[in-house]
Each structure stands twice: as C-alpha cells, then as structure tokens.
Amino acid sequence: MKIHFVLALLCSVTLMSCYKTQLSPATAVNDPREKNGTGQLALAGVTYYVATTGSDANDGSLGAPFLTINKALTVVAPGDVVQVRGGTYNEKVHFPVNGAKANPITLTAYPGETPVISGQGLSVSGTEGLITLDSAAYININGLEITGLSASSGTPVGILIMHGSDYIHLTNNHLHDIDNAGGSSYAILVDTEEEAIWMEIDGNTIHDCATGTGGNLVLNGFITSFSITNNTIYNGVGTGISATGDFATNGSFSPVNHGDFTGNTIYNLHGTDATGIFISNGLDMIIDRNRISDTDQGIVLTSVNPNWFTQQSYIRNNFVHNCSRSGISLGHPSAGVNSIMSNNFVVNNTLLFNGAAGSDAELTVWSNARQNYIRNNIIYARPAGIFFDLNPGGTISNTGNNAYYTIGVQQWRRNGAISNTLANWKLASGVQEISSTEGIDPLLVSTVAGAEDLHLQPNSPAKNTGSFSYSGTLDIDGQPRVVNFTDKGADELQ
Ligand SMILES: [Ca+2]
Ligand SMILES: [Ca+2]
C-alpha cells in the first residue's frame, strides 16, 4: 500500500509536469522532508502490557501488567510498544510522549485479543476524543475497538488528531457508536491549522455512528501527504470520508494536498447530503478503487471555500451505485468565481442507478468545474434517470469512450435542457464523446436491487473498448488495469 501511495505520487508528479502551464499556485509536489521513517516497528524497544487485571503500581511486564492505558503511555520512550490485553477500558487516552523517526510509539492489541476502549458514562466537554493525539508525532494505533462515547452536548470523537500531528498511523481499528445525533460527533477527526504530514489511516472499520452534522472519518485543515485506504464505513449518519482545506495558522489558505483515497468500502449512510467521499479545496487527490453505495451522494469533488480551488485530482476505478443524489459530482451549485476547479479526471468508473431521490444525474458537472477529463466510464442510469448533467459555466476538455445505457429513456442534460440521443447531446453540450456508445448494454454481472455486482460479464462490450488514459495501474479488484486493451468501467476482465 505504501508503495502504491508513492507510485501514485510519482504518477502525480509526471502529470503535473504535463499540466504545469495551466496551473498557478502550489504546484510543488516533491516534499523536501524525508518520506521514510513512517510506521516501522522498532527493532529494539520495550514492550509494556496493560490488562484489566493489572495495577498501575506494577512494572508493566506481561506477568505484572498495568491497569490503565494512560499509565503505560506515561512510561514509554520512542520505539516502545504497548500491548493491551482483551477486556474493556473505560478511560480517555492521551499520548504525553512522542515517538521518533524509525522509533514510533505503538499502541496495539495483544495478539489474538480484543481490547475495547469504551466511553460509556464518560463526559464530553467541547470537542473531545476517546483517544487524543495533540501535537503528536510517530504514533501507531492498531487493532483497538473504540466505542460508546456519546453525548447530547459537546462533540464526541473516537480518535481526535489536532495541532499538526505528524507521522500518525491508525490501522485496523474498529470504531462504532460514537454519537451525538442532535449535534455532531466523529469516529475519526483530524482538525489542524498547523500542517500535519504523512498520515496513514488504513484498514479501519467504522459503523453505526449517529454523527449528526459531523461525519465518520473527517480531515479538516492543513494536511499534506496522507493516505486513507481500505477502510470500511457503513450504517450511520453523515459523510463517510471528508477532506477539506482550511486556513493555516500563518493566515494563508491551505488545501488538503497529496491525498490517496484508495480501496475504501462505504455504504448505507444518510443524513444531510451524506457523501461517500467528499473533498473540498484539495490539490492532487487520488480517489481510486472505492466501492460506494446507498449514500446520499457518491463522490463529490468541490471547492466550498472560495479561497482555493480544487485541481489535478483523479476519480478513477470506482464502483458507485444506488446513491440518492449524484454518483459523481464535480463543483458546487452555488460556487463563486474564486473557487473554480480545473483539470480533474473522472476515468474508468462504473455508475449504476444513482439519482433516485430527485432530478440529480449519475454524473454532474457544476458551473465552477472547468477543463474536466471524463473518459472510459460506464454510466448505467435508472429508467427515469439522467446520465450526465452539465450546468452553465461547467466545461469539459476531453470526453470519450464512455458507455451510456438505460432500459428507460435516454437523458442527458445541458443547462436544464434534455437531449435524448448521443448526437443531440454532443450538439447541445459541445463535448466530444469520441468513441462513446449509447444503447449498448454493458452486461454488468447483476443490476438486481440488493444484489448489484458492477463487474463485467466475460462477453461485455466494455471489454477492450476503453482507452488508456490516467486510469492508474490496477482495476477495482487490484488486478492489472490493462489486459490487452483497457476495458470501460472500473473492472478489467482478466
Ligand atoms: Ca481489457
Ligand atoms: Ca477485475
């Protein structure tokens, strides 16, 4: 995964060089700071143990474990590991000591056991985490169950990361029931005005959080070079994964930048525009190989804050289906001219039966989204659905090799007017759509409600009819993206 992230960044560097004449601010991609030293377990270091049968007067050895996680974290030095035995720990956890390069501090489950950090009965004052990392560095948190922090006032958070914490790795944790239904809560919240670098959030499971106006996995602020990969988020309220730029402490506006959102599975989230993956004011974002279904919106790339524009991002190889609003949306309906977003790539996605709630389309481009590149997608609309909604001011620089299909009436929409044929759509919109098709069933494995499978049948006409274009190296399954010739959609037949 780490290699994949680096490859993705290299790919981004290559593409940036092609487009640098069209970009103005913040085109620097190479971070001069070192890129290693993240997450390696130290070869030497003390392992301390915590158990519900322990005592904080003990020495923290396996035979004489501590009682509380917080006690263990006060004795650790860089390179040390804290292993927590199974059972429930009813405490708010803080890290008073930082790790160091190649010597992180690791808090992890004892092998084969499930420690639960429970917020049951604990109070919440302001924005407060069950685990808090404040100005922390080189910390790994792995394999913990984190649950039961709820409040009707204040903002409960499962894992809270603040104030520019760097080299933080959250892996394989299980977070659930972090609730403030009438206010806001977060399973994981990164909220920082100081730059936070090299964060990894991988393999976590988040579910059944009533987050109100908060969200499940939310990054807000000046965050550079991060990866959010292979997480599963389901059954709850609020956006699945959100990343939003914000003002830095020096007063300049800072986009979330160089982020990798790969291999996440997100479903059954509702609330006010609960979105599978929502990115605003982002630079060099890769949204690759995610599976999103039954959320309000699928993937949104926008610039809500007019102080920065989202650019040079890739939405590719994703399955998105049964979202009540758009499957993929670029831009913002009420965005101003200062938030123009450009040079974004929507390639090799498979969209099915989105836009059920009203008039939203499978794919929507709003007025402030310019010079977008839309190729190789399978867009399979509901019988009354709309394939593509291109709003006034929105522009496309390159479209083609898309497959449009519905068993109902074909509908493309440009500035509110409907076209019913690909030829009329091209005339009305001015987009190219070279080698795009209409009315040819892409032969997905299943479009049956509740049993959707967006892979291709072996004889799909999508096979070998895409064109290689910024599609990445792997398909939705992690298989090679190109076999003979690129297939349309997120699945490559092997
Ligand atoms: Ca192929
Ligand atoms: Ca495949």
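In this text the structure is predicted, and so the values were computed from the model without any measurement. (Residues numbered from 1 in each chain as written. Chains lettered and ligands numbered in written order. Predicted model: local features only at pLDDT ≥ 70, side-chain atom pairs only at ≥ 80, totals over all residues.)

Asker: Explain the overall build of the protein chain to me, and be specific about the residues and the numbers.
Answerer: Counting secondary structure elements, the protein chain contains three helices and 42 strands. For 494 residues, the compact-globule formula gives about 23 Å, and the C-alpha radius of gyration of the protein chain, at 23 Å, lands near that figure. Across its three principal directions, the C-alpha atoms of the protein chain cover 80 × 45 × 45 Å. Partitioning the intrachain contacts of the protein chain with sequence separation of at least 6 by distance along the chain shows that 74% fall at a separation of at least 24. (Helix = DSSP H or I, 4+ residues; strand = E, 2+ residues; numbered from the N terminus. Rg over C-alpha atoms; globule rule 2.2 N^0.38 Å. Contact = placed C-beta atoms within 7 Å.)

Asker: Which residues make up the nonpolar core, and what values go with them?
Answerer: Membership of the largest hydrophobic core comes to 123 residues, with the highest contact counts inside it found for V82 and I379. Considering every element that reaches this core, the biggest residue donor is strand 13 (residues 186–202), with 10 residues. When sequence neighbours within four positions are dropped, the list of residues in contact with V82 reads Y48, V50, I69, A72, L73, V76, T106 and L107. (Core = buried A, V, L, I, M, F, W, Y, C linked by C-beta atoms within 7 Å. Buried ≥ 20, exposed ≤ 12 C-beta atoms within 10 Å, placed from the backbone.)

Asker: Help me get a handle on the pairing of strand 5 (residues 105–109), residues and values and all.
Answerer: When you tally the buried positions in strand 5, you get five out of five residues, the bulk of the element. Going residue by residue along strand 5, you find I105, L107 and A109 tucked away on one face and T106 and T108 tucked away on the opposite face as well. The pairing of strand 2 (residues 81–84) with strand 5 spans four bridges and is classified as parallel. When the sheet's bridge partners are listed, Q83 is paired in strand 5 with T108. Of the strand pairs in this sheet, strand 5 and strand 8 (residues 137–142) are connected by four bridges, and their pairing is parallel. Opposite T108, over in strand 8, you have N142 as the bridge partner. (Pairing = 2+ DSSP bridges.)

Asker: A description of the pairing of strand 22 (residues 282–288) should follow, citing residues and the corresponding values.
Answerer: Of all the seven residues making up strand 22, seven are buried; the element is thus mostly covered by neighbouring parts of the structure. By the bridge criterion, six bridges tie strand 19 (residues 256–262) to strand 22 in an arrangement that is parallel. Paired with D260 across the two strands is I286, which belongs to strand 22. Note that strand 22 and strand 25 (residues 314–316) share three bridges and pair parallel. Paired with D288 across the strands is R316, a residue of strand 25.

Asker: Quick rundown of the environment of G86? Include the residues and the values.
Answerer: On the secondary structure map, G86 appears in the loop between strand 2 and strand 3 (87–89). In this structure G86 comes out as partly exposed when scored by C-beta crowding, with 14 C-beta atoms within 10 Å. When the C-alpha positions of G86 and S118 are compared, they lie 12 Å apart, and in sequence the two are 32 residues distant. In contact with G86, not counting residues within four places along its chain, are E113, T114 and P115.

Asker: Any chance you could break down the confidence of the model for the protein chain for me, citing the residues and the numbers?
Answerer: Averaged over all residues, the pLDDT of the protein chain equals 89, while 90% of them reach at least 70. Low pLDDT (under 50) marks residues 1–42, which in the prediction has 43 contacts with non-local residues, meaning those over four places away or in another chain. (pLDDT = per-residue confidence, 0-100.)

Asker: Lay out the environment of I159 in plain terms, naming residues and giving numbers.
Answerer: By the element assignment, I159 lies in strand 10 (residues 155–162). Along the primary structure I159 and D360 are separated by 201 residues, whereas in three dimensions their C-alpha atoms are 34 Å apart. The residues touching I159, leaving out its near neighbours within four places in the chain, are G129, I131, I141, I146, L170 and I188.

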